[in-house]
Amino acid sequence: MRCGLAEVNITPPLGVPIPGQLYDRRSTGIKDDLFAKAVVVDDGTNIAAFVTLDALAVERDIVSAIRERISNATGILPEAIMVSATHTHTGPPIIAVYGNRRDDEYVNYMIKKASDAAILAFKDLRPVEIGAGIGHEDSIAFNRRFLMEDGTVLTNPGVNNPSIVKPIGPIDPQLVVLMIDDKDGYPLGAILNYTCHLDVVGGDEYSADYPGEISKVLKRLYGDDFVSIFFTGTCGNINHIDVTGKMDTKGEHYKKMGRILAGEAFKVMQNVEYIDEPKVSFDSRYVKVGVRKAGAEDIERAKKVLKSSDSTESDILFARDIIALSKSPIDAVELEVQVIGIGEFVVVGLPGEVFVEFGLDIKNKSKFKYTVVSELTNGSHGYIPVREAFEQGGYEPRLSQYTNLVPETGYILVDKAVEILDLI
């Protein structure tokens, strides 16, 4: 087994949009730099590449451009290249969502830098030993959907809200770690996976959020050349807010989260199970799913919102999306489900903000010992909730240009992922 790792700075200039909130937000500073990171693995027969971006999401045209440039430079097959966004809400303008615009000049720059990371990792291929392990951290992530006393379901109902009855879903406390050492046992880098939204930082300064802090801590432990790749788990309904108020999440809470996770990762790294003769495997399949349409009542309600002087900025934004959807001819989209394996360690890539239940289901059905499920991978198709969420309401299933896939979508993705896992 040979492996190469690299990271390239992709921090944009100041003054450009920062997507991730329901208003136009412009960058005014840098809390910490943003990176494109890459790991290339080669078993002598098959070769594959992982690319992660400190960004809110990554759209399919960007994925295709990154894959093409990497493939042309290295010969790695496009279907063996996985491109994921970490989902930081304080990242670059590479997606048009909720009124935010994509900055095409920056996107073109970022495509080159992201593919550079993989090309550099390819040039850095060297003999390695790879070990995997699983840690546990259940104190910093929370299901953000709650049953209220009146029977309704709310997303993030507020800290110490007396009307909260209980959360209506689980979390995924696993911290999955793949450790990469050279043949002398010197740590080169790691792949990490945890399930919690990257919307901890807030404000209008660039930040990689808690994975950025994980990276800083691990570099202090293992040296500045240590590269940590972070895959965000299926956290469509998981975030950092403790509604009981026991955990103070104000200020620089993202640093606390990063240090807690880095500490748990370090413990896991001391006891990884090394994979004998790890083989690289990969497969990528597409599924077609339907798009929800705006009904007559939705359209009429949206028109009233747009005419009212009392409408909130977010209500106006969603109303405009409803009108735009009503004019869209698209009734179905293709979604990519991709799996890349390194022996008993596999990464499943899904293209949306996926509810945690689906990630847990894939892990439970996987035949592999170490299974990572990475959301916002190879595309961005909004929230992908469980069926009952569409009846319950709340923020995530709300119809918009960003979130509009049919309620069966998550189940289709799980079935396809399990099918691929059984084949590779």
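Quick notes on the rules
Sequence order as written defines the numbering, with residues in each chain counted from 1. Under the rules for a predicted model, residues below a pLDDT of 70 receive no local features and side-chain atom pairs below 80 are neither given nor counted, while totals for whole chains, interfaces and linings still include all residues. Think of the side-chain values as coming from all heavy atoms in the structure, minus any hydrogens and water. A run of DSSP states H or I qualifies as a helix once it reaches four residues; a run of E qualifies as a strand once it reaches two. Both are numbered from the N-terminal end. Note that the radius of gyration is over C-alpha atoms, with the globule rule given as 2.2 Å times the number of residues to the power 0.38. Between buried and exposed lies partly exposed: a residue is buried under 20% and exposed over 50% of the maximum accessible area for its type, with that area taken using a 1.4 Å probe on protein chains only. In what follows, a contact means two residues having at least one pair of non-hydrogen atoms within 4.5 Å. Two residue types count as positive, namely Lys and Arg, and two as negative, namely Asp and Glu; His and chain ends fall outside the count. Taken as the charge centre is NZ of Lys, CZ of Arg, CG of Asp or CD of Glu, depending on the residue. Working definition: rings of Phe, Tyr and Trp (its six-membered ring) pair if their centres are within 6.5 Å, and the pair is stacked with planes under 30 degrees apart, edge-to-face with planes over 60 apart, and tilted otherwise. Any Lys NZ or Arg CZ that is within 6 Å of a ring centre and within 35 degrees of that ring's normal is treated as a charge sitting over the ring. By this definition, two strands are paired if DSSP reports at least two bridges between them. Only the contacting stretch of a helix is used when fitting its axis, a line to C-alpha atoms as for every element, and angles between N-to-C directions run 0 to 180 degrees. Throughout this description, any angle smaller than 35 degrees is read as roughly parallel, any larger than 145 degrees as roughly antiparallel, any in the 65 to 115 degree range as roughly perpendicular, and the remainder as oblique. Crossing chirality is assigned from the near helix's rotation relative to the far helix, an anticlockwise turn below a right angle marking it left-handed and a clockwise turn marking it right-handed.

**Section: the overall build of the protein**
Okay, step 1: For the protein, the helix and strand inventory stands at 9 helices and 22 strands.
Okay, step 2: For 424 residues, the compact-globule formula gives about 22 Å, and the C-alpha radius of gyration of the protein, at 21 Å, lands near that figure.
Okay, step 3: In terms of principal-axis extent, the alpha carbons of the protein reach across some 65 × 45 × 45 Å.
Okay, step 4: By residue count, 58% of the 424 residues in the protein fall in the buried class.
Okay, step 5: In the protein, once contacts between residues fewer than 6 apart in sequence are set aside, the share between residues at least 24 apart is 79%.
Okay, step 6: Side chains of the protein carry 45 positive and 62 negative charges; the gap between the two charge centres is 3 Å.

**Focus on the packing of aromatic side chains**
Okay, step 1: Per the counting criterion, the structure on display carries 11 aromatic pairs.
Okay, step 2: Pairing Tyr-98 with Tyr-395 gives two aromatic rings, centres 6.5 Å apart and planes at 50 degrees, and the pair type is tilted. With Tyr-98 in the loop between β5 (81–85) and α2 (104–123) and Tyr-395 in the loop between α8 (387–392) and α9 (409–423), this pair connects stretches of sequence that are 297 residues apart.
Okay, step 3: Relative accessible area serves as the criterion here: at 10%, Tyr-98 is assigned to the buried category.
Okay, step 4: The cationic tip of Arg-387 hangs over the ring face of Tyr-411; the distance from NZ or CZ to the ring centre is 3.7 Å.
Okay, step 5: If you follow Arg-398 out to its NZ or CZ, it ends over the ring of Phe-318, 3.9 Å from the centre.

**Section: the sheet that holds strand β8 (residues 145–148)**
Okay, step 1: Strand order in the open sheet formed by 3 strands is β9-β8-β10, and the pairing between neighbours is antiparallel. The outermost strands of the open sheet, each flanked by one partner alone, are β9 (153–155) and β10 (164–167). Averaged over neighbouring strand pairs, the angle between their axes works out to 35 degrees when direction is ignored.
Okay, step 2: Inspection of the sheet shows β8 paired to β10 by 3 bridges, in the antiparallel sense. Its bridge partner lying in β10, Met-148 is registered against Ile-164.

**Quick look at the packing of helix α3 (residues 209–222) against helix α4 (residues 253–269)**
Okay, step 1: Close contact between α3 and α4 brings their axes to 7 Å; oriented N to C, the two are set at 50 degrees. As the angle between them shows, α3 and α4 are arranged oblique. Taken as a pair, α3 and α4 cross one another with a handedness that is right-handed. Contact residues: α3 offers Asp-209, Tyr-210, Glu-213, Ile-214, Val-217, Leu-218, Leu-221 and Tyr-222, while α4 offers Tyr-254, Lys-255, Met-257, Gly-258, Arg-259, Leu-261, Ala-262, Phe-266 and Met-269.

Keep in mind these numbers describe shape, not what the thing actually does.
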